[in-house]
Each structure stands twice: as C-alpha cells, then as structure tokens.
Amino acid sequence: MRNNLRVPPLAPTLILVALIVLAAFAPWIAPHDPQHQELLARLTPPVWAGGTWDYPLGTDALGRDVLSNIIYGLQVSLLAGFFAVAISVVIGATVGLVAGYRGGWFDTIAMRAADIQLSMPTVLIALAVLAIFGRGLWKVIFVIGIVGWAQYARLVRSSVLAEREKEYVAAATVIGASPFRILFRHILPNVMGPTLVQISVDIPRAVELEATLSFLGLGVAVTTPSLGLRIAQGYQYLFSGAWWTSVLPGLTLVVLVLCENLIGDWLRDVLDPRYRVGKKIKQTVAETTATS
Amino acid sequence: MKNQHLLSAAIVAVVGLAATGGAQAAIGDSAQTPLVVAWQGGATTLDPIMRSENTTYSWQRHIFDTLTFLARSGSIEPRIAVAWKNTAPDTWRITLRKNVKFQDGTTMTPEDVGESILDTANNPKSQLREFANAVSGYKVVDDHTLDVKFKQPDPIFPRHMANIPVMPEREIKKEGRAAFEQHPIGTGPYKFVSWLAQDHLIAEAWKGFWGKQPAFKYVKLESIPNSATRLAALLSGQVQVAEKVEPQDFARVKKSGKAYITMTNGVRVIYLAMDYWRKTDSAGMAKGEKNPFMDPRVRKAVYQAINTKALKDKIFNGAITPAAQFMPPQLEAYDPSLKRLPYDPKAAKKLLAEAGYPHGFSVRLDAPNDRYLDDGLVAQALGGMLENIGIKVTVNAVPKAVFFPQVNKGDFTMYMAGWGNADPISAYGSLFHCRDKAHGYGHVNRMHYCNPKADKLAEEAATTFDKAKRVKLERESFHIADREDFAYLPLYFEDVIAGVNDHVNWKSRPDELIFAWDMTRK
Amino acid sequence: MAAFAVKRLAQALFAVWVVATLVFALIHIAGDPIAVLAPETMTAQEKQDLRHALGLDQPVYVQYVRYVDGVLHGDLGVSYYSNQPAMHLVLERFPVTLKLVLLSIAIAVIFGLPFGVSAAMHAGGFADRTLRALSVLGSSIPTFFLGILLIFAFSITLNLLPSSGVGGWRHYIMPAFTLAFFRIALFTRLIRTSLLDTLAQNYVRTARAKGLSETIVVYKHALRTALLPFITVFGLQFGHLLAGAVVTETIFALPGMNRLALEALYRLDYPIILSYVLVVAVLFSAINFIVDVIYGFVDPRVSYAQ
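Not measured: the values here are computed from a predicted model.

Rules used throughout
- Residues numbered from 1 in each chain as written.
- Chains lettered and ligands numbered in written order.
- Predicted model: local features only at pLDDT ≥ 70, side-chain atom pairs only at ≥ 80, totals over all residues.
- Helix = DSSP H or I, 4+ residues; strand = E, 2+ residues; numbered from the N terminus.
- Rg over C-alpha atoms; globule rule 2.2 N^0.38 Å.
- Buried ≥ 20, exposed ≤ 12 C-beta atoms within 10 Å, placed from the backbone.
- Contact = placed C-beta atoms within 7 Å.
- Axes fitted to C-alpha atoms, helices over the stretch in contact; angles between N-to-C directions.
- Left-handed = near helix turned anticlockwise from the far one by under 90°.
- Nonpolar A, V, L, I, M, F, W, Y, C, P; charged D, E, K, R; others polar.
- Pairing = 2+ DSSP bridges.
- Core = buried A, V, L, I, M, F, W, Y, C linked by C-beta atoms within 7 Å.
- pLDDT = per-residue confidence, 0-100.
- Arc of directions from axis to C-beta.

## Topic: the overall build of chain B
Within chain B, the regular secondary structure consists of 16 helices and 19 strands. Here the C-alpha radius of gyration of chain B, 25 Å, is about what a compact globule of 522 residues would show, namely 24 Å. Taken along its principal axes, the extent of the C-alpha atoms in chain B is 80 × 75 × 40 Å. Split into buried and exposed, the 522 residues of chain B put 54% on the buried side. Within chain B, contacts between residues separated by at least 24 positions form 67% of all contacts whose residues are at least 6 apart in sequence.

## Here we look at the packing of helix H14 (residues 424-432) of chain B against helix H15 (residues 452-462) of chain B
Residue and element names in this part refer to chain B. Relative to each other, H14 and H15 sit at 145 degrees, their axes nearing to 10 Å. The element H14 and its partner H15 pack so that their crossing is left-handed. Across the interface between the two elements, Ile425, Tyr428, Gly429 and Phe432 from H14 touch Ala454, Ala458, Ala461 and Ala462 from H15. Partitioned by chemical class, the residues of the contact of H14 with H15 number seven nonpolar, one polar and no charged.

## What about the interface of chain A and chain C?
Taken together, the 37 residues of chain A in the interface contact 41 residues of chain C. Where the side of chain A that touches chain C is concerned, the elements lending two or more residues are helix H4 (104-119), helix H5 (122-133), helix H9 (179-215), helix H10 (227-235), helix H11 (244-271) and helix H12 (273-291) of chain A. Per-element tally for the side of chain A that touches chain C: the top contributor is H11(A), with nine residues.

## Focus on the interface of chain B and chain A
If you look at the interface, chain B gives 23 residues, while chain A gives 18 residues. Those elements that place two or more of their residues in the side of chain B that touches chain A are helix H7 (227-235), helix H10 (308-315), helix H12 (375-388) and strand E15 (392-398) of chain B. Ranked by the residues each element gives to the side of chain B that touches chain A, the list is headed by H12(B), at five residues. Broken down by class, the residue content of the side of chain B that touches chain A amounts to 11 nonpolar, eight polar and four charged.

## Notes on the sheet that holds strand E4 (residues 81-88) of chain B
All names here are of chain B. Across the sheet, four strands lie side by side as E4-E5-E7-E6; this open sheet has antiparallel pairing. At either end of the open sheet lies a strand with only one pairing partner, and these are E4 and strand E6 (135-142). With strand direction ignored, the average angle separating the axes of adjacent strands in the sheet is 25 degrees. Strand direction decides the pairing type here: E6 and strand E7 (residues 145-150), joined by six bridges, are antiparallel. Within E7, the residue paired with glycine 137 across the bridge is lysine 149. Packed on one face of the sheet, helix H3 (residues 110-122) meets strand E5 (91-96), E6 and E7 and runs near 175 degrees to E6.

## Topic: the environment of B:Thr120
Residues and elements named next belong to chain B. Looking at the secondary structure, you find threonine 120 in helix H3. Judged by the 26 C-beta atoms lying within 10 Å of it, threonine 120 is buried. For the pair threonine 120 and methionine 50, spaced 70 residues apart in the sequence, the C-alpha separation amounts to 8.8 Å. Those residues in contact with threonine 120 that lie beyond four places of it in its chain are Ile49, Ser126, Leu128, Arg129, Phe131, Ala132 and Ile164.

## What to know about the nonpolar core
By size, the foremost hydrophobic cluster in this structure holds 323 residues, and its most contacted members are A:Ala126, A:Leu127, A:Ile144, B:Val37, B:Val241, B:Met416 and C:Ile273. In terms of residue count, helix H3 (residues 66-102) of chain A provides more of this core than any other element does, 17 residues in total. If you look at the next biggest cluster of nonpolar residues, it comprises six residues, including C:Leu37, C:Met42, C:Leu50 and C:Tyr80.

## Describing the confidence of the model for chain B
Residue and element names in this part refer to chain B. Summing up the model confidence of chain B, the mean pLDDT is 90 and the portion of residues at 70 or higher is 95%. Under a pLDDT of 50 for its full length, residues 6-24 has, in the predicted model, nine contacts with residues more than four places off or in other chains. Overall fold confidence (pTM) sits at 0.85, and the ipTM for the predicted complex is 0.85.

## A closer look at the packing of helix H6 (residues 94-121) of chain C against helix H9 (residues 170-199) of chain C
All names here are of chain C. Running from amino to carboxyl end, H6 crosses H9 at an angle of 35 degrees, the nearest separation of the two axes being 6 Å. As H6 runs across H9, the sense of the crossing is right-handed. Each residue belonging to the contact of H6 with H9 can be placed in one class, and the counts come to 24 nonpolar, four polar and three charged.

## Notes on helix H11 (residues 345-354) of chain B
All names here are of chain B. Inspection of H11 places Ala348, Lys349, Leu351 and Leu352 among the buried residues, and these make up the whole buried set. The buried residues of H11 occupy an angular sector of 160 degrees when the element is viewed end-on, so they sit on one face. Tucked inside the fold, the buried residues of H11 contact helix H9 (296-305). Following H11 by one or two positions, glycine 356 has its phi on the positive side, about 95 degrees.

## Let's talk about unusual backbone geometry
Backbone geometry places A:Leu43, a non-glycine residue, at a positive phi of 55 degrees. Relative to the assigned elements, A:Leu43 resides in the loop between helix H2 (26-29) and H3. Positive phi, close to 55 degrees, is recorded for C:Leu268, a residue that is not glycine. You can see C:Leu268 is positioned in the loop between helix H13 (257-267) and helix H14 (270-298). For C:Leu268, a count of 23 C-beta atoms within 10 Å corresponds to the buried category.

## A look at the pairing of strand E10 (residues 218-223) of chain B
All names here are of chain B. Most of E10 sits out of view: six of its six residues are buried. In E10, alternate side chains face the same way, and those of Tyr218, Lys220 and Glu222 on one face and Val219, Leu221 and Ser223 on the other are all buried. Relative to E10, strand E1 (residues 35-39) is paired through five bridges, and the arrangement is parallel. Looking at the pairing, tryptophan 39 lines up with serine 223 of E10. Two strands pair when backbone bridges link them, and strand E9 (residues 200-205) and E10 are joined in this way by five bridges, in the antiparallel orientation. When the sheet's bridge partners are listed, glutamate 204 is paired in E10 with tyrosine 218.

Structural data, given as structure tokens:
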C-alpha cells in the first residue's frame, strides 16, 4: 500500500515528464528531420540489432529515422490528448452549465443527446466524420474533442443542480450576486474533482483514439508522424523482419498511455469520493475478516 | 510435474492441429482442399458488367466467358467469338462458337450474345460501356452468326470484345438482376457454389464447359487485405496464389522453399500530371503565384530530376520498368525506338534557371497512398528528388477515396496517378485529347492538356481500319504529347507480382487479372 | 411495466431516428459517391446516367423522404456496388460479428469475474496489486497494437494460428482475445469495486457474524448484489463491442458487418452505411432495454413507475 496518497507514483510521473520534454523539445532532441528520407539507408535495423548510431532505433521503409519519428509522434499524441480533451471539457461544461441553470427544453434535449452520444461507440462516429471531412491532425483533434463532451455535460449539470438547491447559492442569488460569480465561487470548485478524474481517464483514451484512427487510415495526413500511422506503415514490413518500424512506435504508445493511466489511477484515489469510500471498505473488510 | 506434462501434451496437440491444416496432398481435388487464390480486396458483385475494377472483374471471369480473350502478349484470341470481320465500316460480323451451354444447361443463342453486348453498352450501371458504346444494335444472321451494327466505326472492336461477357439474357429478364446475381450463371469454366460479397467466392469446375477443363476442380477466391498476412498465408500453405507481394518480401519467398515469385511487365503506367491551364493561382501553390508548369522547360526539368533507376532498385527491388513513353510494349502504339531521357539533375537545374526559377519554387504533390504498388512511398521519394533541384515539395498522399474526387475537381497542381492501358485510342481520347464534353473527349484530362494537332492524328487513327496506317497515326500523336509537350511524365510500368505455391504453375498477366483456370499443376 | 416498456420503446425509436437522420445528413455533405464508384474511363454522360439510375440526381430532401419511406417499408435500397439489397449485405455478415462479440464477452467474463473476486477478497494484498497493475496495463495497450503483436507472435513467427478470415474456431481465437483484453481489465476492476462496496454492507456483516465461511459469504450473498452495476456495464459494453469490433475485424480481416461498414465509408456506399447505422442503433436500443428490464428483476429497488 502506498503510505501517502498525496504523492503521485514516482516512475510513471518521471517517465511521463521525460516523454513530454522529448516532445516539447523535439526539434532540438530528434537527431533527424522526421520526414527526411535516406533511401540508401532504408530499413536499417536498430543499433543493437546490427544498425549504426546514425539511426539508433533504425529506419523505416522510406529511410526515415524511427527515433525522430517516435519523438515527433509523441508530440502528435500529446497534442491530440491534451487539446481533444480540452475541447470536450469546454463544450461539455458549457452545455452542462446552461442545462443545469436553465432546465426546461434545453436540458431535456441536451441530456437526451448526451445519452445517445454515450451509447454510440466513439471510434465509429469519429471514423464516419473523418471519412466525410477528410484527414488531418486538427480534424482528428476536433472530432475526438467533440464526441467526448457528454460526460462533462452530465458531471457539470448534476453539480449545478445540486448546488442550486443549496442555501448559500439561493442566498447569493438573492443578494444579487451575478451568475458568473456563483459559477466561479461555488460550482467550479465542486465539479473540479470529478472533472479532473474524468480528464485523467479521457486523455489516454484520446491518445489511443488518435492512434487508432490514424492506424485505420482515417486519422492524420500520411506525412504527419503519428505513432498510430507509423505502426500501420510498419505493419506491412513486419513479415520481412523489419519489426522495429512498427513495434517500437507501438511500445512507445503503450508506455505513454500506461503512464497516463497510472497517474490517472492515483488521481482517482485522491479525488474521487467513491474510491475513498472504497478505501474505508477495505479497512472494514480487513477488520471483519480478522475477527471471523 | 503432472501439470507440466499436460501442458506439453496440449502444445503438441495444438501444433499438430496447425500442421495438418497446411497439408498439401490434393489441392483442388476436393471441396475441403480447394485451390485458394488471395487478392488484396474482394469482388463487390457477381454481375459481370457492373464493375471494371480488377479483382471483381477477375472473380467474375471464372463463371462468365468473354467474346474474345487477350493473351499475355496482347494478341486477341477467340473465345465465344471464333471469327470476326468487318463487312462494312459500320458492321462487324461475328461467328460464334457452336454448342456453348450455360451452367443451367440451356444452350447459348445469338440473341443472348447480342443482348449481352447491348446490356454492356446501355445499362446505366455498366462500367464496361466504353467497350460497346459505339454499338447501335445487332442482327442475327443464323444460329451462330451475328452482325453487330455501329453508330461510329470501331476498328478495334475485336479487342473490346475481350471485355464483353456473355450473360443468359432471357434468364436475367425473367428473374431480375438481383436474383441473377445471387446465383450467377455463365458459360465459363467454373460454376458458382457460394460466396460472401467482398470476402470470398467458392466455385467448382463445370463439366459442361466448351473448352479445356481446369486443372484445379475446386477453387476458393478470397480477400486478404494486409500484405503481411497474405504472405504469411502463402508461406504456411493456407493459400496457393497471393497477389501483390511487397518487393521487400521477395527474398523471404525465395528462401521459403515453398513458393516462388512471378513477375511480368505490366501495362499500368504510373505518371505525373501537372496543371496545364491555370496561369496563376493553381490549387497546389500559394495564392497569386505564377504556375511554373505552363513552361515546357519546367516539365522537362521535372522529368530529368526523377531517378527512375533509384525507384526501381531502392523501393521496388527491381519490380518496375522505367517508362520511356506512355504506351507499354504490349500495345500497338508503343514505339520501340524511344529511349527515356537521362536522369540529370544538373541539366534539370539549368532548365529551371532558364525558365526563370533559379531558386526553384514550392508546390504540393498529390498522390493516392492505397491505390498503386507502394504509391505513397514513391510520392515521397519523388518529393525528395525534386527537392534536389530546388523545387520544395509538400507531399500530400491520401486514400484513393479522397484523392480521386479531389483531383477530379481540379484541386491540384501536380499529381501522381496510374493508368491501366487497355488500348491506345481510349487512352488518348480520355487522357490527352482537349477536353470536349459534347464528344466525350478528355474526361480524364484533369490537367487540361490540349494540342489540336495531336488530337487530329488520334481522331483519324480511331476510325482507321488499316492497322499499319493506324499504328503510325497513334505513334505520332503520342510522340507529340510525350516528347514535344511533355504532357504527362510517364515514370514507370508496374510489374505485376504474385507469390505462387511450388505445386502450382502460373505466370502473372500484364493486365493484373488472375484466373484460376489459367493455372496448372507442377 | 407495460407503460415503462412503451415509454422506453418510444425513446429508443426516437434515438434511432435521430441517429439515422444525422448520419443521412452527414454523408450527404460528404461528397459524391459517383466520383468514387465510376471508373476513370466513364464519360460525363455515362456518369450522369449512373447518377440517375442510383437516384442520386434527386434533391437531398427527396432522397431523404425516399429513405424514410424505405425504412418504414423495410427497404433500405440497393448497394451502389452490386445489385443486392444493402440490408441483406449487412445482415449476412452479422453472424460473424456476433460470434466474435459473444466469444470475447465470454473470455472477458471468464477471466474478469474470478480476477475481480480474488482482488476484492485479498484487497490490498499481493494478488490485488498484481491484478490492478495488470488491469492498468490491459487498458493501456491499444487494441490494434495488441492484434499486431498477436499476429506477429502466433501467425508469423510461430505459425500456429491463422491471421485472417474465417474458416473454423481457430480463426476466432486471436480476434476474440484481442477484443476481450481491455474488457478483462475493465470487468476485474468493476467487480472488485462493487464487491468491496457490498462486502461492507450490513447484511453481509450479519452473514459473516453468523459464522459462514468467507467463500460462501462472497459467492452466495455479496456477489449477487455486486453484479448489479456489472449488468449495466455489461449491456453498454455489449453494444460497444458490437461496433467497436471494427478495429479487430480490420486487423484480422474478419468478414463482419463493421468492416463492411468501414469499407462502405471509404466508398461512400450510402445504402450500406445507412443500413448498418440502423442495425447498430436498433441493437443498441434493444440491448439497453433488455438491460433495464433485467436490472428490474434482479434489483427490486428499481421501480418501473419512474
């Protein structure tokens, strides 16, 4: 058991920070331009498998440096994760706020829409939209962002409903506090916890979704160094022995998502009241089993 | 300990099971061990006129026969039609094979053939209309003779007949096309057993076929989209023929001792096209910028900047043939005396400077990434080569479903695509002729190339029955486009590659079609 | 009960209509199916004929009215790429998808249930921590990458399992496991949490106080209640799996309905896309409805009057 829940898990945090630094300083860290092709050096294996230090993780079928592509690919993944979720939060929170405050027909329609949205698989909606509007990193980010609004709308709305009933809000309204003041002073602090937890779940999900869409050929443009796209491109070469073009970007993706998930897991322990109850239960269980 | 034994026993059992699955004993002899041929995609329909796309077309031609047949050399062979001659400029007299039966036992009549031709020509869903759209009607002369009448003379109709399938037209009229497609009936060597659209077709040799019985009685034609898994299936014995083996896998196949690679010079040319009509504001360049490709010197510079030998060696492992002209050797308009201009980046730079671009310019190169062999790779390599002479290229390689609509509406300055050459006349009329909607010319001429002098020669060729004269006219027209105007820059002809099991004898065809009845035992 | 069912049915129909209409509107912004369907050699006139034959020359609202009318008469039109009714093509491939989904659900439950129970019984212990780590790992490997790794290991390297298509049960092993992997992790977590919640409740304590063994307490008393939230998630997951199988079907080249729909999307084969959407929407609604009903039976606290 971790003794102090306030401290995030060390290894995942360090790795995630390292990955973020790699992505942020990609132009200075990456040994090559990720798009640069050296046809003469195509499919060079990684250095430990007979390659050279010019290309530490080898090259792909076009002679592009795998390491540089991974570093820039991290950039794409992190951008996708961050901005897509930011979009979800903005849309969801706005809809949730209005629905909670105004109620009435807007509330009904918004919540019905959220139900429908939540019951449809995201991959499918995203695929349909991208098939129609074409590929591109920002299109992918917007699509992932837009299809993720429903959870946030629900969270914010229920919090607004709960707060609206409370006396201090009613009092604040009576003394003429603006709705914005009430929003920032009372409602936001209350939804912060569950929202953060939801964000911690959604960021890795968005990263995965971008990779999946790109893998299926409907994500970013082929020249964008997305990890999913590189995995797809390398997949064709798996059989001829060039496993590194596909497996290395894949492992990077797994490590990134794993770290995000582990940190999210910790965050949930800290912030989500339900899990805190869970902890209490654990103690109770331990006690009762001990006595029986 | 005991558990360990159990575990190893289980492993042995699983391995044993897997091994028996790949047994080679009697391929094609029973319904349980059919000859399996794997394509990248699957046929969408078994209606033999509805799709001209290669896979669908190949699958259908196991059940359906065509009037004539194109040999690998490009020569026209008799099939359902055994002889043909033009009795008047607007009439071809076709002699039909005797005693041909459909797979339901009924005898094929001249009416079936005549109606099949009209169906091919007029059915709005037909994708083979170009092969029969000059036909106006037919007249039955006797039980095996048919006069086909034409609106315009069509000197190469015998070649076109290689694409016209024979269908049981009375049946179709009776039960409708949807029902006919559920249980297709043709005069071909195999009869339909079952299928799942876009996935597989199971067929069985048909005893009543007029010609030679196929070597493999039971066949399964199937789709395995991923080339790595398709190859795995070939090498493990799950399939006997796999199309489109990736060049980097050749060595693996050769080493396996179970299969070999067949490679044939194909008729599909991969070319570069460049905006020929917008003096400024071309779609793939910055707003307000001049379009450099209006100058033939720039197009020639691009030509000489492209190192086709590097493409051949580095990307294709030898599996392409650099193109000196748009026409492949299998077609009559091919001019054997033409050689490809040398790869010469220095000369290219000089040409650019002469044209007023000593420092190059920036342009977008559009290309599909899932249509031709390694197309996305080639586009990126081309980008690199052009960069060497100072042209800054942004490569935009997209799925074909995005690419074709985009270039069709003129959203490009420079694009890479391919053309599966079937005959010189339709190639010229579609791609090179000045755009002319009213006469159906130039509908694939997306870059608006236009040279009336060459057009006149080509139009004359299209109505010339004398072969020597026609060929001369064709060559002249293509020469103007290829060498004077540098209209399209032909890059290379794709080789047609397939992996074949050592027990099967087969050579791939230049037109990329694959027929199981064309394969023999080894 | 009847009123509840009618109300839910009405809601479900409404949802189906909304989704179908949205997709109809979306794909008609998309672009021109003819541009993808017609070969390069077709002339403008021939393309026009084709457009007319497929009804695509009509204004969009006329096409919409025809579509709705067709749906009401059970006719969703003919695929642009064959003469077959689109709905037939979709349903023809439904069994493959269903088999895949049922198998992977079975795998997920077979692994997830005991994992979840043992994690809860040994909460905080070694098994719990290991399972928790594994479940985080499980939800961190993207489905498509797992599929690739499996193909690489079992098809390409070891040559033990077929990597594509359907032929027998062996063809389903890797796809079903790939699809189930994430759900094993999910079910483990879910059952763990919900079982822990239940174990803390009074009647369980009473059972324990009566001196019943821990195994009996868990399996006979607690698990039943703990399964309630599981049923909801199970229902949701079932729906998501039906359509989420698109990645698995693509990687393993299974001829399921999702891959058909994906290909139809690339090709802009509207009738197939619309049939598929209708099938999925109806399935979703049906599953949600069934889950609600089951929930009512299992948990007497749910009142249909609401």
